[in-house]
Amino acid sequence: SMYRWVDHTAELELRVEAPRAEDVFHEACEALGEQLRAHSSGAPGEPARHAITASAPDWPTLLAEWLSELTFLAETQGFVPERVDTLTLSAEDLDATVSGQRAEPPHLVKAVTYHRLEMRQRDGGWHATVVLDV
């Protein structure tokens, strides 16, 4: 018999630095959109806009939920986000509208994980880390 273990570096780690907490969410959305565009096949399609709401007990978890919602839209609607038009952030809720386009994004992200997840204030700004399983 024969077997072997193969190591896969099957994750993408996103690190964001931004002046305000809201900006972390803007940057994370743009970063995900960039990844999806880089791996999309075919020409960009119609413009599209989606409303996104999420709730979580804290901001790091809310950030993970935000990226999960965007990933879900990419998979179910072929939506590639480009920019956040509006975003309202409270202690436990997020309400936003995001513009982008319909395309053929790959099923790039398998899951947004809670592994090494953080979002905290440091040096007068905000720092966040989110790990995606790909």
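Note that the structure is a prediction, hence the values are computed from the model and not measured.

Student: I'd like a description of the overall build of the chain, backed by residues and values.
Tutor: On a plain count of helices and strands, the chain comes out with two helices and seven strands. Secondary structure elements in the chain, listed N-terminal to C-terminal, are β-α-β-α-β-β-β-β-β. Relative to the compact-globule value of 14 Å for 134 residues, the chain shows a C-alpha radius of gyration of 16 Å, a close match. The principal-axis extents of the C-alpha atoms in the chain amount to approximately 55 × 35 × 25 Å. Residues counted as buried form 43% of the 134 residues belonging to the chain. Residue pairs in contact within the chain that sit at least 24 positions apart in sequence constitute 70% of those at least 6 positions apart. Carbon together with sulfur atoms contributes 48% to the accessible area of the chain, which is approximately 7900 Å² in total. The centroid of the 11 positive side-chain charges in the chain is displaced by 4 Å from the centroid of its 23 negative side-chain charges.

Student: Summarise helix α1 (residues 21-38); cite the residues concerned and give the values.
Tutor: Here α1 spans 26 Å end to end across 18 residues, near enough to the 26 Å set by a 1.5 Å rise per residue. For α1, the full list of buried residues reads Ala21, Asp23, Val24, Phe25, Ala28, Cys29, Leu32, Gly33 and Leu36. Of the surrounding elements, those touching the buried residues of α1 are β1 (11-18), α2 (59-77), β3 (79-89), β4 (93-102), β6 (118-122) and β7 (125-133).

Student: Please give an account of the environment of Ala48 that cites residues and values.
Tutor: Within the secondary structure, Ala48 is located in strand β2 (residues 47-55). Judged by relative accessible area, which is 10%, Ala48 ranks as buried. A sequence separation of 33 residues divides Ala48 from Pro81, and the C-alpha atoms of the two residues are 8.5 Å apart. Ignoring anything within four residues of it in the chain, the contact list for Ala48 reads Phe79, Val98, Ser99, Gly100, Gln101 and Arg102.

Student: Before we move on, can you summarise the pattern of salt bridges with the specific residues and values?
Tutor: Oppositely charged side chains can pair when the atoms bearing their charge come close. In the structure shown here, the tally under the stated rule is ten salt bridges. The closest approach of N and O atoms between Glu13 and Arg116, which form a salt bridge, is 2.6 Å. Here Glu13 is found in strand β1, whereas its partner Arg116 is found in the loop between β5 (111-112) and β6, with 103 residues between them in sequence. Here Arg83 and Asp85 are joined by a salt bridge, their closest N and O atoms 3.3 Å apart.

Student: So what about the side chain of His127? Which residues, and what values?
Tutor: With respect to the helices, strands and loops of the structure, His127 is situated in strand β7. One polar contact links His127 to Arg122, side chain to side chain, over a distance of 3.2 Å. Beyond its immediate stretch of four places on either side in the chain, His127 contacts Val16, Glu17, Glu118, Met119, Arg120 and Arg122.

Parameters at a glance
- Residues numbered from 1 in each chain as written.
- Predicted model: local features only at pLDDT ≥ 70, side-chain atom pairs only at ≥ 80, totals over all residues.
- Heavy atoms only, no water.
- Helix = DSSP H or I, 4+ residues; strand = E, 2+ residues; numbered from the N terminus.
- Rg over C-alpha atoms; globule rule 2.2 N^0.38 Å.
- Buried < 20%, exposed > 50% of the residue type's maximum accessible area, 1.4 Å probe, protein only.
- Contact = heavy atoms within 4.5 Å.
- Areas by Shrake-Rupley, 256 points an atom, 1.4 Å probe, with all protein chains shown as cover.
- Lys, Arg positive; Asp, Glu negative; His and termini not counted.
- Charge placed at Lys NZ, Arg CZ, Asp CG, Glu CD.
- Expected span 1.5 Å × (residues − 1).
- Salt bridge = Lys/Arg side-chain N within 4 Å of Asp/Glu carboxyl O.
- Polar contact = N/O pair within 3.5 Å; in protein donor to acceptor, adjacent residues only side chain to side chain.

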